Amino acid sequence: MARLWRRVKEEVAIWRVGVLPGMAVIGLVILARLTGSMQSLEWLAFDNFLRLRPAEPIDERIVIVGINEKDIRNLRQYPIPDREIAALLYKLHSLAPRVIGLDIVRDLPVEPGHTELVAAFGEIKNLIAIEKVLPEQIAPPPTLPPKQVCFTDQITDADGKLRRSLLATPTSQGYKFSLSLCLAQAYLAREGLSLENGIRDPAAIRFGNTELPRFFPNSGGYVRTDAGGVQVLLNFRSGAERFRILSLDDIQTGNFKPEWIRDRIVIIGITASSVKDFITTSAVVSAKPASGRIFGVEVQAHAISQIISAVLNSRPLFYSWADGWDYIWILGWGILGIGLAKLTKSPYINLLAVGIASSGLIVISYLLLLYWGWWVPLIPAILVLSLNGIGMTALYQYDQALRSRIEARQALIERTFETIHNGPLQTLAKALKRVREKDSSDEVILVLEKDLEKLNHELRGIYEFLQREPLSQDRSLYLGNGLSLSLQDPIHAVLYQVYNHTLEREFPCFSTLKVKIVTFDPIDERYLNIEQKRGLCRFLEEALCNVGKHAIGVTRLEVSYTKNEGWYTLKIVDDGLGIISYREGRGTQQFRNLARQLKGKFTRSPLSPRGTLCELSWPATRLFFGIRF
């Protein structure tokens with residue numbers, strides 16, 4: 001449990017490196033969005049998604065009669081005379097359309113033919129004409145009743161582009177509806193559907209079970225936008241040909257099929273470039289004029305088609321999440337970026353992972369808009385994902401490099417102490433033991449002098465070893481007396497050299513040894529790293545030193561390195577008296593740490609009637625992410 005808790009604390013410390021700066025990045029991006037700094041970028045992403053949608057079939061329920069440049073040249077007059085408008089209305093009315101919308105201003109007479117146009121207004125009851133109410137007013141045709149007049153005002157965004165449709169607004173003359181809503185209402189009335197207030201949102205507009213989602217100040221990518229009246233996001237119809245467009249000349253010459261008009265919505269408007277009845281948009285490609293603009297009469301057709309297609313065909317309308325969900329979405333992608341930075345070690349893999357995640361985010365956002373009509377925050381999410389995914393990688397790699405340097409320094413300290421512990425300190429311990437025996441004979445003094453001289457030599461040898469290149473230190477094992485073994489050699493060969501060198505050391509108990517049994521089998525060592533091989537060598541050296549110091553009267557020593565039933569075992573067995581101590585020394589601590597690294601176990605136990613077993617064993621399998629295979 002303690003090891004698990006320590007591991008958890010280490011992971012928390014590592015995650016904290018990127019989490020705190022990453023959350024700061026998320027906070028800054030959210031703050032930038034709240035101030036509206038990303039509004040234009042979110043509009044751009046929204047427009048491009050609309051342009052990338054698959055083409056939809058022509059909405060044959062709507063027909064545009066556009067008076068184009070050729071028609072104006074044929075008439076040799078503009079504005080279009082009232083007589084021509086009246087004749088057009090009579091002609092279309094005779095073909096039995098469901099409703100006719102006149103998207104041409106007629107607040108003043110345009111002679112000749114004003115009397116004829118007034119008569120047409122009085123006779124054609126399924127005609128709806130226009131007025132303008134915002135911000136400056138243009139009056140409707142004076143002879144039409146109010147129920148046959150609707151406004152054509154549009155609200156563009158700060159970049160001058162149209163993305164919303166104004167369906168209703170309060171005016172000084174009362175609450176008024178747009179031309180698109182009036183024409184859709186007239187068409188749907190024949191389907192048995194009437195305009196009602198919404199159920200989920202009482203201020204919204206509803207036809208049957210279809211409620212048109214109202215535009216709010218922070219809908220989609222908008223920030224604190226004027227949402228006066230009843231507005232909806234405009235779901236333009238996609239494709240190069242969205243509606244059937246006929247010219248005035250086509251109607252006059254009969255260049256059309258009557259069924260194109262019968263029971264349809266017919267909108268009359270101007271499609272001549274010289275008149276400049278344009279509205280700018282990036283959501284669709286215009287039929288005729290300059291790039292990025294469509295005719296006003298086309299806008300009316302799109303707005304009508306959006307309503308009747310949603311009601312009759314379940315075509316998606318555009319929705320947006322509440323503000324809270326928007327920011328949870330942004331937070332989630334920002335946290336994913338932090339996770340990618342933490343889990344990917346290589347910068348190239350990190351770039352690939354962030355690229356895949358960003359592509360996934362774009363695809364998800366596109367599909368949500370295409371199939372369900374949800375406009376989710378793409379630009380803030382992309383920013384927090386990319387900034388955290390790439391930027392936090394640098395922090396994690398710096399932290400990892402710092403930790404590696406600390407670990408390398410600690411490893412060097414550990415290796416140095418092990419070298420001192422298994423060499424000079426063993427010599428010093430032997431000398432101290434002689435002093436404690438209080439034997440002051442000349443012979444003992446000479447032995448102590450010899451030991452101290454040897455200690456001096458060993459300490460200087462360690463200094464010389466540490467002066468070497470770090471690379472050679474990392475791959476070698478210093479045993480004293482200038483002897484350095486290469487840890488890249490087979491482990492059984494290195495262990496044999498450690499065994500021979502240690503037994504040559506002048507420990508008192510080695511003098512009584514009679515039988516020495518050594519078994520170092522060649523064993524697959526692919527899954528042992530340099531540090532683990534070093535640890536095994538130090539384990540053998542320390543265990544043999546303990547025999548030489550404490551196994552009084554030892555006559556038999558058995559040392560083996562074998563594999564049996566899927567386990568490797570390095571075992572040292574002696575028949576000396578040994579020493580019993582309840583204090584865990586430095587050597588024992590090293591052995592236990594090595595056993596933990598190898599996912600194995602360490603045993604030191606007395607044997608009966610005399611002797612000591614010192615054994616290290618570990619599984620002969622490879623370790624991946626803490627799981628053995």
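Since we're looking at a predicted model, the values are computed, not measured. (Residues numbered from 1 in each chain as written. Predicted model: local features only at pLDDT ≥ 70, side-chain atom pairs only at ≥ 80, totals over all residues. Heavy atoms only, no water.)

Student: What exactly am I supposed to notice about the overall build of the chain here?
Tutor: A count of helical and extended segments in the chain gives 17 helices and 25 strands. When each of the 629 residues of the chain is scored for burial, the buried share is 47%. In the chain, the proportion of contacts linking residues at least 24 apart, taken out of those at least 6 apart, comes to 71%. When the accessible surface of the chain is totalled, it reaches about 31400 Å², and 58% of it is carbon and sulfur. (Helix = DSSP H or I, 4+ residues; strand = E, 2+ residues; numbered from the N terminus. Buried < 20%, exposed > 50% of the residue type's maximum accessible area, 1.4 Å probe, protein only. Contact = heavy atoms within 4.5 Å. Areas by Shrake-Rupley, 256 points an atom, 1.4 Å probe, with all protein chains shown as cover.)

Student: What is the right way to read the pairing of strand β19 (residues 515–520) from this model?
Tutor: Looking along a regular strand, one sees the side chains alternate between the two faces of the sheet. With six bridges connecting them, β19 and strand β20 (residues 556–564) associate as parallel partners. Considered in β20, the bridge of Val-518 is made with Val-559. The parallel pair β19 and β20, bridged by helix α16 (residues 530–550), forms a crossover whose chirality is left-handed. (Pairing = 2+ DSSP bridges. Right-handed = clockwise from strand over helix to strand, strands pointing away.)

Student: Please explain the confidence of the model for the chain as it appears in this structure.
Tutor: Atom-level detail of predicted coordinates should not be read off regions where pLDDT is low. Looking at the chain, the pLDDT average stands at 84 and 80% of residues meet or exceed 70. Taken together, the stretch residues 623–629 has pLDDT below 50 and engages in 11 contacts with residues farther than four places along the chain or on a different chain. (pLDDT = per-residue confidence, 0-100.)

Student: Can you walk me through helix α9 (residues 323–343) in this structure?
Tutor: Helical geometry: 3.6 residues make up each α-helical turn, so side chains three or four residues apart lie on a common side. With 21 residues, α9 should reach 30 Å at 1.5 Å per residue; the first-to-last C-alpha distance of 31 Å fits that figure. Taken together, the buried positions of α9 are occupied by Asp-326, Tyr-327, Trp-329, Ile-330, Trp-333, Gly-334, Gly-337, Ile-338, Gly-339, Leu-340, Ala-341 and Lys-342. (Expected span 1.5 Å × (residues − 1).)

Student: In this structure, what is going on with the sheet that holds strand β7 (residues 195–197)? I would like to understand it.
Tutor: Paired through backbone hydrogen bonds, the strands of a sheet run either parallel or antiparallel to each other. Judged by pairing direction, the sheet is antiparallel, and its three strands sit side by side in the order β7-β8-β9 without closing on themselves. With one partner strand each, in any of the chains shown, β7 and β9 (210–212) form the two edges of the open sheet. Mean inter-strand twist for the sheet, computed between neighbouring axes without regard to direction, equals 35°. Pairing geometry for β7 and strand β8 (residues 205–207), over three bridges, is antiparallel. Bridging from a neighbouring strand, Asn-197 pairs with Ile-205 of β8. Across the face of the sheet, helix α6 (residues 179–189) comes into contact with β7 and β8 while running at roughly 25° to β8. (Axes fitted to C-alpha atoms, helices over the stretch in contact; angles between N-to-C directions.)

Student: Just checking my understanding: could you explain the sheet that holds strand β12 (residues 265–270) for this structure?
Tutor: Across the sheet, six strands lie side by side as β4-β3-β2-β12-β1-β11; this open sheet has parallel pairing. Edge positions in the open sheet fall to β4 (149–151) and β11 (244–247), since each of these has one partner strand only. Direction aside, the axes of adjacent strands within the sheet are offset by 25° on average. Bridge analysis of strand β3 (residues 127–131) against β4 gives three bridges, and the strand direction is parallel.

Student: Is there a simple way to think about the pattern of salt bridges in this case?
Tutor: Pairing is possible between side chains of opposite charge, provided their charged atoms come close. With the rule as written, the count across this model stands at 22 salt bridges. Glu-60 serves as the salt-bridge partner of Arg-244, at 3.9 Å between the closest nitrogen and oxygen. Of this pair, Arg-244 sits in strand β11 while Glu-60 sits in the loop between α2 (39–51) and β1 (62–67), and the two are 184 residues apart along the sequence. Note on Arg-244: relative accessible area 18%, which makes it buried. Residue Glu-60 is classed as partly exposed on the basis of its relative accessible area, which comes to 41%. For Lys-132, the salt bridge goes to Asp-153, with nearest N and O atoms at 3.4 Å. (Salt bridge = Lys/Arg side-chain N within 4 Å of Asp/Glu carboxyl O.)

Student: What is the right way to read the packing of α6 against helix α8 (residues 296–313) from this model?
Tutor: Axes are the key here: two packed helices are described by the angle between their axes and the distance separating the axes. Orientation of α6 relative to α8, taken along the N-to-C sense of each, is 40°, at an axis distance of 8 Å. Judged by the angle between their axes, α6 and α8 are oblique. With respect to the hand of their crossing, α6 and α8 are arranged in right-handed fashion. For the pair α6 and α8, the contacting residues are Leu-179, Ser-180, Leu-181, Leu-183, Ala-184, Tyr-187 and Leu-188 in the first and Gln-300, Ala-303, Ile-304, Ile-307, Ile-308, Val-311 and Leu-312 in the second. Tallied by class, the residues present in the contact of α6 with α8 amount to 12 nonpolar, two polar and no charged. (Parallel < 35°, antiparallel > 145°, perpendicular 65-115°, else oblique. Left-handed = near helix turned anticlockwise from the far one by under 90°. Nonpolar A, V, L, I, M, F, W, Y, C, P; charged D, E, K, R; others polar.)

Student: Mind showing me how you'd approach the nonpolar core here?
Tutor: Note that soluble globular proteins tend to have their nonpolar side chains buried in a common cluster. Formed by 46 residues in total, the largest nonpolar core has its most connected members in Phe-236, Trp-329, Trp-333, Leu-361, Leu-369 and Trp-375. Of all elements in the fold, only α1 (2–34), α2, α8, α9, α10 (347–372) and α11 (379–422) reach the threshold of two or more residues within this core. For this core, the leading source of residues is α10, giving eight residues. Residues Ile-491, Tyr-499, Val-554 and Phe-602 belong to the second largest nonpolar core, which totals 42 residues. (Core = buried A, V, L, I, M, F, W, Y, C linked by side-chain atoms within 4.5 Å.)

Student: What am I meant to see in the environment of Ala-139 here?
Tutor: Within the secondary structure layout, Ala-139 lies in the loop between β3 and β4. In this structure Ala-139 comes out as partly exposed when scored by relative accessible area, which is 43%. For Ala-139 and Val-149, which are 10 residues apart along the polypeptide, the C-alpha to C-alpha distance reads 9.8 Å. With near-sequence residues (within four places) excluded, Ala-139 lies in contact with Asp-107, Ile-130 and Glu-131.

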